[in-house]
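Letter by letter, the chains look like this.
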Amino acid sequence: MSETPTRPVTAVILVAAGSGQRLGYGMPKAAVPLGGETILMHALRGIVASGVSTQVCVVLPEGDDGLRSLCDAFREELADGGPLLTVVDGGPTRADSVRQGIGALMDGIDAVLVHDAARALAPEGVFHRVVDALAAGAEAVIPAVPMVDTVKTVTPTPAGDHAVAPEMVAGTAARENLRAVQTPQGFRAETLRRAHQAAQALEPAEAAAVTDDAMLVEMTGTDVYVVRGSTQSLKITTPLDLIFAEGLLEGPLGARWVEG
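Identification of the protein as 2-C-methyl-D-erythritol 4-phosphate cytidylyltransferase from Pseudarthrobacter equi is taken from an unreviewed UniProt entry. One UniProt comment on the protein, placed under Pathway (unreviewed entry), says "Isoprenoid biosynthesis; isopentenyl diphosphate biosynthesis via DXP pathway; isopentenyl diphosphate from 1-deoxy-D-xylulose 5-phosphate: step 2/6." Check the Sequence similarities (unreviewed entry) section of the UniProt entry for the protein; it says "Belongs to the IspD/TarI cytidylyltransferase family. IspD subfamily."

Caption draft 1: How the structure looks around the overall build of the protein. Across its full length, the protein holds 8 helices and 12 strands. Taking 260 residues into account, the globule formula puts the C-alpha radius of gyration at 18 Å, and the protein, at 19 Å, falls close to it. In terms of overall dimensions, the protein has C-alpha extents of about 70 × 45 × 40 Å along its principal axes. Expressed as a percentage of the 260 residues in the protein, the buried residues total 44%. Pairs at least 24 apart in sequence give 73% of the contacts found in the protein among residues at least 6 apart. Accessible surface, the protein: about 13000 Å² in total, of which carbon and sulfur atoms supply 53%.

Caption draft 2: Highlighting the UniProt feature "site: Positions MEP for the nucleophilic attack" (unreviewed entry) in the protein. In this numbering, the UniProt entry assigns the feature "site: Positions MEP for the nucleophilic attack" (unreviewed entry) to Arg 175 and Lys 235. Lining of the largest pocket among the annotated residues: Lys 235. Locating Arg 175 in the fold gives a position in the loop between β9 (167–172) and β10 (179–181). Excluding anything up to four places from it in sequence, Arg 175 contacts Met 147, Val 148, Asp 149 and Thr 150. At a separation of 3.0 Å, a polar atom in the side chain of Arg 175 contacts the main-chain carbonyl oxygen of Val 148. Looking at where Lys 235 falls in the secondary structure, it is placed in the loop between β12 (225–228) and α8 (239–249). Residue Lys 235 is classed as partly exposed on the basis of its relative accessible area of 39%. Setting aside chain neighbours within four positions, we find Lys 235 in contact with Asp 116, Ala 118, Arg 119 and Asp 241.

Caption draft 3: A look at the layout of surface pockets. Its volume calculated, the largest pocket comes out at about 640 Å³. As for the largest pocket, its lining consists of 27 residues, of which Gly 18, Lys 29, Arg 94, Asp 116 and Lys 235 are closest to the centre. Class assignment of the residues belonging to the lining of the largest pocket gives a composition of 8 nonpolar, 12 polar and 7 charged. Estimated volume of the second largest pocket: approximately 320 Å³. As for the second largest pocket, its lining consists of 15 residues, of which Thr 93, Arg 94, Ala 95, Ala 207 and Val 210 are closest to the centre. Going through the elements one at a time, α3 (94–103), α5 (189–199), α6 (204–208) and α7 (213–219) are the ones with two or more residues in the lining of the second largest pocket.

Caption draft 4: A look at the pattern of salt bridges. Evaluation of the coordinates by the stated rule reveals 10 salt bridges. Glu 37 serves as the salt-bridge partner of Arg 45, at 3.0 Å between the closest nitrogen and oxygen. A residue is classified by how much of its surface remains accessible, and Arg 45, at 30% relative accessible area, is partly exposed. Arg 94 serves as the salt-bridge partner of Asp 213, at 2.8 Å between the closest nitrogen and oxygen. Pair noted here: Asp 213 is in helix α7 and Arg 94 is in helix α3, with a separation of 119 residues, a long-range link. Note on Asp 213: relative accessible area 2%, which makes it buried. For Arg 94, a relative accessible area of 28% puts it in the partly exposed group. The structure contains a network of salt bridges with shared partners spanning Glu 37, Arg 45 and Glu 77.

Caption draft 5: Fine view of the side chain of Ser 233. By secondary structure assignment, the location of Ser 233 is in the loop between β12 and α8. Residue contacts for Ser 233: discarding those within four places in its chain leaves Arg 119, Ala 122, Pro 123, Val 126 and Gln 182.

Caption draft 6: Spotlight on helix α4 (residues 124–135). Given a rise of 1.5 Å per residue, 12 residues ought to cover 16 Å, and the 17 Å separating the end C-alpha atoms of α4 matches this to within 8%. Those residues of α4 lying buried are Val 126, Phe 127, Arg 129, Val 130, Val 131, Ala 133, Leu 134 and Ala 135. Looking at the packing, one finds that the buried side of α4 touches β1 (10–15), α1 (39–50), β6 (111–116), β7 (140–146), β11 (185–188) and β12. At the C-terminal side of α4, Gly 137 shows a positive phi close to 125 degrees.

Caption draft 7: Representation of the UniProt feature "site: Transition state stabilizer" (unreviewed entry) in the protein in the model. When the UniProt feature table is mapped onto this chain, "site: Transition state stabilizer" (unreviewed entry) is found at Arg 22 and Lys 29. Restricting the annotated residues just mentioned to those that line the largest pocket leaves Arg 22 and Lys 29. Within the secondary structure, Arg 22 sits in the loop between β1 and β2 (33–34). Filtering out sequence-adjacent residues up to four positions away, Arg 22 remains in contact with Thr 237, Thr 238 and Pro 239. In this fold, Lys 29 is placed in the loop between β1 and β2.

Cut-off values and rules
- Residues numbered from 1 in each chain as written.
- Predicted model: local features only at pLDDT ≥ 70, side-chain atom pairs only at ≥ 80, totals over all residues.
- Heavy atoms only, no water.
- UniProt positions renumbered as here; feature names shortened; annotations may be inferred.
- Helix = DSSP H or I, 4+ residues; strand = E, 2+ residues; numbered from the N terminus.
- Rg over C-alpha atoms; globule rule 2.2 N^0.38 Å.
- Buried < 20%, exposed > 50% of the residue type's maximum accessible area, 1.4 Å probe, protein only.
- Contact = heavy atoms within 4.5 Å.
- Areas by Shrake-Rupley, 256 points an atom, 1.4 Å probe, with all protein chains shown as cover.
- 1 Å grid on protein atoms, 1.4 Å probe; cavity = no way out; pocket = protein on both sides within 12 Å on 5 of 7 lines; lining within 4 Å.
- Polar contact = N/O pair within 3.5 Å; in protein donor to acceptor, adjacent residues only side chain to side chain.
- Points joined across faces, edges and corners; volume = space filled by probe spheres on them.
- Nonpolar A, V, L, I, M, F, W, Y, C, P; charged D, E, K, R; others polar.
- Salt bridge = Lys/Arg side-chain N within 4 Å of Asp/Glu carboxyl O.
- Expected span 1.5 Å × (residues − 1).

Written as structure tokens, this is what we have:
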């Protein structure tokens, strides 16, 4: 009978430095209310409930005293047990913010999960699947769900046809091979550090094309494994997303219901 692999000592970097402009609340996305609490607090409670982390490093908009106060209050809740809660200021880009979090990790961390506060309702089971894959030997692992929409590649319409439409179809991607990627994304700590160090040498256009940490790791030639994500791990970006998230919280089993 094979033994269950020992889980690595894990930290979670919670990226919560987004401006939230598309939500239209006039405040950072992490501070937007959701079901009686902020998006940030839902994300923090989900991480702690999963039990996977020794440290949670929250990356906040620079100078946001309100969100820092929320973190301070949550730190007091954790006084009787729970992960170490660290707070740092974010940078001008998401990659900069993640690097700020990496720099604040305590000694002895073997693995890092990078999670978006905007995916505040990610089920605990997703965290466990990511960490278990790291324990089984993966250097990098992401949660993802199959694409349900048909996906087309497009090209600009030739000049003479602009009156018809701005774009035209160039091809149709094979949907069975496509996945919509989510967070938390998990990495061996040294693998993530190396990827971010290498990224600092990218040209601005190359850096702008990078959309997640897994992509940085892919660029170093490291294999990235995929585990099952969750349709509940929606990314709250628009007012409609917020309505969907409120609906999940008001469902028959409350927060983190539908699936794990």
